[in-house]
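Each chain, letter by letter, is given below.
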Amino acid sequence: MREFDFIGIRLCDEQAELFQASLHETWLGSPVFIRRFVYSDVAKEFDNLSVINVPFETSEALERINAPFGKTSRKGKRYSAETLYWMGYLYRYWCYVHEIDSIRLYKDVPPSELAKRFEIYHTLDPEKAVSMIQEDLGLDQANSLAHGVAIYKDILKRSKQ
């Protein structure tokens, strides 16, 4: 687990603003935008912290996220600006502090699951919200098991060298 420091705060704010901007600057439904973001190079730059080395431009990031895809007529559900801001902030907080990548968190906590918890948890400290959501979704044990399996695979890999 990593300390939530100035870099983490900056990353959370930037991702939150990006998620919120997607409501007004894209034609996409919120879950579609979030899926595109998670699998984009932009998310990888957030995950590996390289995004902190360059000035962050929301409009440029939105273009990079949507560039590989054509226009779509699938609007889908659109979350409120407040919900998107909170989701962007909490997703990045979770990834940064717990040192997991965006794709893994997206698979564990889909946007629909996070969005429906906005009203309940948006006023909580981010770590408390993460803890409560993990408990709601039964992720505590699953993550411990996955961590144990990763350690075991690493040990096996080293023993074969």
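On a predicted model such as this, the values are computed, not experimentally measured, just so you know. (Residues numbered from 1 in each chain as written. Predicted model: local features only at pLDDT ≥ 70, side-chain atom pairs only at ≥ 80, totals over all residues. Heavy atoms only, no water.)

Participant: I'd love a proper account of the overall build of the chain, names of residues and values included.
Facilitator: Helix and strand counts for the chain stand at ten helices and zero strands. Projected onto the principal axes, the alpha-carbon positions of the chain cover approximately 50 × 35 × 35 Å. Looking at the chain residue by residue over its 161 residues, the buried ones come to 41%. A separation of at least 24 residues holds for 80% of the contacts in the chain among residues at least 6 apart in sequence. (Helix = DSSP H or I, 4+ residues; strand = E, 2+ residues; numbered from the N terminus. Buried < 20%, exposed > 50% of the residue type's maximum accessible area, 1.4 Å probe, protein only. Contact = heavy atoms within 4.5 Å.)

Participant: Account for the environment of Cys 95, naming residues and giving values.
Facilitator: Residue placement: Cys 95 occurs in helix H5 (residues 81-98). Here Cys 95 falls in the buried class, since its relative accessible area comes to 4%. Once the C-alpha coordinates of Cys 95 and Glu 45 are considered, the two residues, 50 residues apart in sequence, prove to be 12 Å apart. Ignoring any residue separated from it by four or fewer positions in sequence, one finds Cys 95 in contact with Asp 47, Ile 100, Asp 101, Ser 102 and Leu 105.

Participant: Talk me through the pattern of salt bridges; I want residue IDs and the actual numbers.
Facilitator: Across all of its chains, the model carries nine salt bridges by this definition. The salt bridge involving Arg 2 is made with Glu 99; its shortest N-O contact spans 3.7 Å. Here Arg 2 is found in the segment before helix H1 (6-25), whereas its partner Glu 99 is found in the loop between H5 and helix H6 (102-108), with 97 residues between them in sequence. The class of Arg 2 is partly exposed, set by a relative accessible area of 26%. The partner of Arg 117 in a salt bridge is Asp 136, with the nearest N and O atoms 3.1 Å apart. Placement of Arg 117 in the loop between helix H7 (111-115) and helix H8 (118-121) and of Asp 136 in helix H9 (residues 126-137) is noted, with a sequence separation of 19 residues between them. Assessed through its relative accessible area of 11%, Arg 117 is described here as buried. (Salt bridge = Lys/Arg side-chain N within 4 Å of Asp/Glu carboxyl O.)

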